[in-house]
Amino acid sequence: MKACIFDGRSVRLDPSHAEPAAAPGEVRVRVLLAGVCRTDLEIVKGYMGFTGVLGHEFVGVALEGRHAGRRVVGEINCVCGKCDLCAAGLPTHCRRRTVLGILGRDGAFAEQLILPEANLHAVPDSVPDRQAVFAELLAAAIQVGRQVEMRPGSKVIVLGDGRLGQLVAQVLAASGLVPRVVGKAKAKLAILEAMGIDAVHADAVRPAKDADVVVECTGTAAGLGMALAFVRPRGTVVLKSTVADTAGLNLAPIVIDEISVVGSRCGPMADAVAMLARGQIQTEPLVSAEYPLDRAPEAIEAAARPDSIKVLIRP
């Protein structure tokens, strides 16, 4: 089968990659559409030391199991169910987990992928592929509200106007909050403004250390430092970026201002599918381009451009 792989040095199309074989409890999925994520861009810079088929955001058709013949999306963490963290109700932190296209498991930039049947969620017929492919990223956006309590009237800043920042802002707005997005791309900020979400260019705002919660979605190593300039004493910073590079940080403000810093990763896929089915999230304005799998390396390069939001790959 065709697959886009990273060999540790470069990204290339493999036209004759071996088809994956499902282990007991796993299901083959024919990929219909996949999305390029910031994490994919960081992997090709060396993040996680991953080599193999890239990609973890997808919608596809299950080829066997209880969802056979139906469109599905999938949770990316494949867990043992037996370790202490699984037993404690923290399966996304399983000590023996593999992660689709990120850690020890080939990903979605291919004609087929393999996931445990328990990871799959059926997609309603009313949700088109170009919405369903956002489910994994949307789940990560929903996770912010699962980890941090925010009430109407809370001052919430979202740093970053890219693919994740856009979805975090929409999720917060749908929950009755009034987030302000601080970004650097006028075209991306205009998309948010068209949705009725407050969005401002970073050059036009002066951090005042008065935000109750800052959600950092910049995709840069400098994101935490930026967030600390906006959050109030005893406020909360939620970190969403995963980056290969590191930056020298002055962490003293975390101590001096008694800031809570929360790492946030994957979220509830069932809730994400439900939000899409209810029409609560706009995804089409976020699609910058769609490429065939044959041009997947080119798609990854396009996704790294500053003006890009979400690039899709179709096998």
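Let me begin by describing the structure that accompanies this report. Note that this is a predicted model, so its numbers are computed, not measured.

Each value, and the rule that gives it
- Residues numbered from 1 in each chain as written.
- Predicted model: local features only at pLDDT ≥ 70, side-chain atom pairs only at ≥ 80, totals over all residues.
- Heavy atoms only, no water.
- Buried < 20%, exposed > 50% of the residue type's maximum accessible area, 1.4 Å probe, protein only.
- Helix = DSSP H or I, 4+ residues; strand = E, 2+ residues; numbered from the N terminus.
- Pairing = 2+ DSSP bridges.
- Contact = heavy atoms within 4.5 Å.
- Axes fitted to C-alpha atoms, helices over the stretch in contact; angles between N-to-C directions.
- Salt bridge = Lys/Arg side-chain N within 4 Å of Asp/Glu carboxyl O.

Quick notes on the pairing of strand β1 (residues 3-6)
Step number 1: Because side chains alternate across β1, one face comprises the buried residues Ala-3 and Ile-5, and the other comprises Cys-4 and Phe-6, equally buried.
Step number 2: Both β1 and strand β2 (residues 11-14) contribute to a ladder of four bridges, which runs antiparallel. Paired with Cys-4 across the strands is Leu-13, a residue of β2.
Step number 3: Counting the residues between successive antiparallel strands, the hairpin from β1 to β2 contains four residues, one of them, Gly-8, with a positive phi of roughly 100°.
Step number 4: Here β1 runs beside strand β4 (residues 52-53); their pairing, made up of two bridges, is antiparallel. When the bridges of β4 are listed, Phe-6 appears paired with Gly-52.

Focus: the environment of Pro-124
Step number 1: By the element assignment, Pro-124 lies in the loop between β11 (120-122) and α3 (129-132).
Step number 2: According to the relative accessible area criterion, Pro-124 is partly exposed, its value standing at 28%.
Step number 3: Separated by 105 residues in sequence, Pro-124 and Ala-229 have C-alpha atoms that sit 42 Å apart.
Step number 4: The contact partners of Pro-124, leaving out residues within four places of it in the chain, are Arg-71, Val-273 and Ala-277.

Considerations on unusual backbone geometry
Step number 1: Positive phi is not limited to glycine here, since Met-48 has a value of about 70°.
Step number 2: Structurally, the position occupied by Met-48 is in the loop between α1 (38-43) and β4.
Step number 3: The exposure class assigned to Met-48 is partly exposed, which follows from its relative accessible area of 39%.

Some points on the sheet that holds β2
Step number 1: If you trace the three strands from one edge of the open sheet to the other, you get β2-β1-β4, paired in antiparallel fashion. The open sheet is flanked by β2 and β4, the only strands paired with a single partner.
Step number 2: This element, helix α10 (residues 296-303), spans β1 and β2 of the sheet and lies at about 150° to β2.

Focus: the pattern of salt bridges
Step number 1: A complete count under the given rule lists 22 salt bridges for this structure.
Step number 2: Its salt-bridge partner being Glu-57, residue Lys-310 comes within 2.6 Å of it at the nearest N-O pair. Pair noted here: Lys-310 is in strand β19 (residues 310-314) and Glu-57 is in strand β5 (residues 57-62), with a separation of 253 residues, a long-range link.
Step number 3: Across the pair Asp-210 and Lys-155 runs a salt bridge, and its minimum N-O distance is 2.7 Å. Of this pair, Asp-210 sits in the loop between β14 (198-201) and β15 (211-216) while Lys-155 sits in the loop between α4 (135-147) and β12 (156-159), and the two are 55 residues apart along the sequence.
Step number 4: Judged by relative accessible area, Asp-210 falls into the partly exposed class, the value being 35%.
Step number 5: Taken together, the shared-partner salt bridges connect Arg-130, Glu-284, Glu-290 and Arg-314 into one network.

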